[in-house]
Amino acid sequence: MSVPSIDWSTLGFNYIKTDYRYLSHWRDDAWDNGVLTEDNVLHISEGSTALHYGQQCFEGLKAYRCKDGSINLFRPDQNALRMQRSCDRLMMPRVSVEQFIEACTQVVKANEHFIPPYGSGGSLYLRPFVIGVGDNIGVRTAPEFIFGVFCIPVGAYFKGGMKPCDFIISDYDRAAPKGTGAAKVGGNYAASLLPGAEAKQAGFADCIYLDPLTHSCIEEVGSANFFAITEDKQLVTPRSASVLPGITRLSLMQLAKDRLGLTVVEGDVRVDELSRFTEAGACGTAAVITPIGGIQYGDNLHVFHSRETVGPVTQRLYNELTGIQSGDVEAPAGWIVNIPGSQQA
Ligand SMILES: Cc1ncc(COP(=O)(O)O)c(C=O)c1O
């Protein structure tokens, strides 16, 4: 076991080789029990469908150190279910919810010393994936598959406090109307690299995608979901078959309704009607809640609450969500899988 010398205060979102990762193989119509390995290099056939035809999917979730030394996984069952839907869409075998959570738990325990301390703002990011492997050349589903989970410690998303960011509406689409937008598959992210790079080049945090059919409604904010707040206490978030159904978004919808007394509306967010919102934000596992300062659309920069300060509803949602994740605020039933820490009294 290596003892990491990590400066938790300067951690970003970068690959760091941790000690153990979980690997399970699908052969003869079943997943094997899976093992933890120290080897972070995969040895796969050059004909693997994951390499040629994008037959792969992945997930992203976090483990948080709590005040009492235990560790919280935030809604891993929801990531497992979403990965099953991604596997269905790409004709890959499902991993059971039980095996998914077991794999994540084993990886967290085996790499416990990489979990940033309570209060540092950091967390352990888990990256489960399923890839099609084995000798093949035709466009068809793979003969074998690998399910893996690795982890990296990541820093606080907001260094020096939560600050609004500006975004720009993209001319590109990340997914087709009846394509794979709702699945967490690599092809969507490959399609987003150029638009994302162009947005950053132009000085924005990321780009915003419009619906691919009519280009009139907001769909997603880079690799996060969009939400906005109205004067009359609604939380509005896009409903679309090509948006990735985020677990942070799902959670905020419930917290907004049950704990903040907002009305939750899933519907169209027309890009020419942004003035009906008093606040807007991007939400996701990596983005947590990023307040949207302004949105550039053509020549116009539409500013919501402020480009400097966080809106009051966004702040309350942030406090509630991050409090639940780190165990300081009571979680709705079934949201947390708590893992005992090895140093716990
Ligand atoms: C395209 C896209 N949309 C939305 C999200 C937010 O999803 P979640 O809240 O499950 O992280 C993500 C991140 O996983 C994403 O990549």
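Basis of the calculations
- Residues numbered from 1 in each chain as written.
- Predicted model: local features only at pLDDT ≥ 70, side-chain atom pairs only at ≥ 80, totals over all residues.
- Buried ≥ 20, exposed ≤ 12 C-beta atoms within 10 Å, placed from the backbone.
- Helix = DSSP H or I, 4+ residues; strand = E, 2+ residues; numbered from the N terminus.
- Pairing = 2+ DSSP bridges.
- UniProt positions renumbered as here; feature names shortened; annotations may be inferred.
- Contact = placed C-beta atoms within 7 Å.
- Near = placed C-beta within 6 Å.
- Nonpolar A, V, L, I, M, F, W, Y, C, P; charged D, E, K, R; others polar.

A. Region of interest: the pairing of strand β12 (residues 224-230). Along β12, six of the seven residues are buried, which leaves the element largely enclosed by surrounding structure. Counting the residues that bridge the hairpin from strand β11 (residues 218-221) to β12 gives two residues, and of these G222 lies at a positive phi of roughly 55 degrees. Relative to strand β15 (residues 277-284), β12 runs antiparallel, the two sharing six bridges. Note that in β15 the partner of T230 across the bridge is F277. Relative to strand β13 (residues 234-238), β12 runs antiparallel, the two being bridged by two bridges. Looking at β13, one finds that A228 is bridged to V236. If you look at the hairpin formed by β12 and β13, you'll find three residues sitting between the two strands, and K233 has a positive phi there, around 65 degrees.

B. Region of the structure containing unusual backbone geometry. Positive phi values are uncommon outside glycine, yet R75 reaches one of about 50 degrees. As for its placement among the helices and strands, R75 is situated in the loop between β6 (71-74) and α2 (76-89). Accessibility expressed as a C-beta count within 10 Å gives 22 for R75, which makes it buried. Within the chain, V288 stands out as a residue other than glycine whose phi angle is a positive 55 degrees. Within the secondary structure, V288 sits in strand β16 (residues 288-297).

C. Structural context of the UniProt feature "modified residue: N6-(pyridoxal phosphate)lysine" (unreviewed entry) in the protein. In the numbering adopted here, UniProt assigns the feature "modified residue: N6-(pyridoxal phosphate)lysine" (unreviewed entry) to K184. Considering the arrangement of structural elements, one finds K184 in the loop between β9 (165-169) and α4 (186-201). Using a count of 25 C-beta atoms within 10 Å as the deciding quantity, one classes K184 as buried. The contacts of K184, once residues within four sequence positions are left out, are C57, F58, E59, R82, S86 and L244.

D. Representation of the site of the ligand within the structure. The environment of the ligand is formed by G60, E220, S223, A224, N225, L244, G246, I247, T248, R249, G284 and T285. Tallying contributions element by element places helix α5 (residues 247-258) first for the shell around the ligand, with three residues. Across the shell around the ligand, the residue classes break down as three nonpolar, seven polar and two charged.

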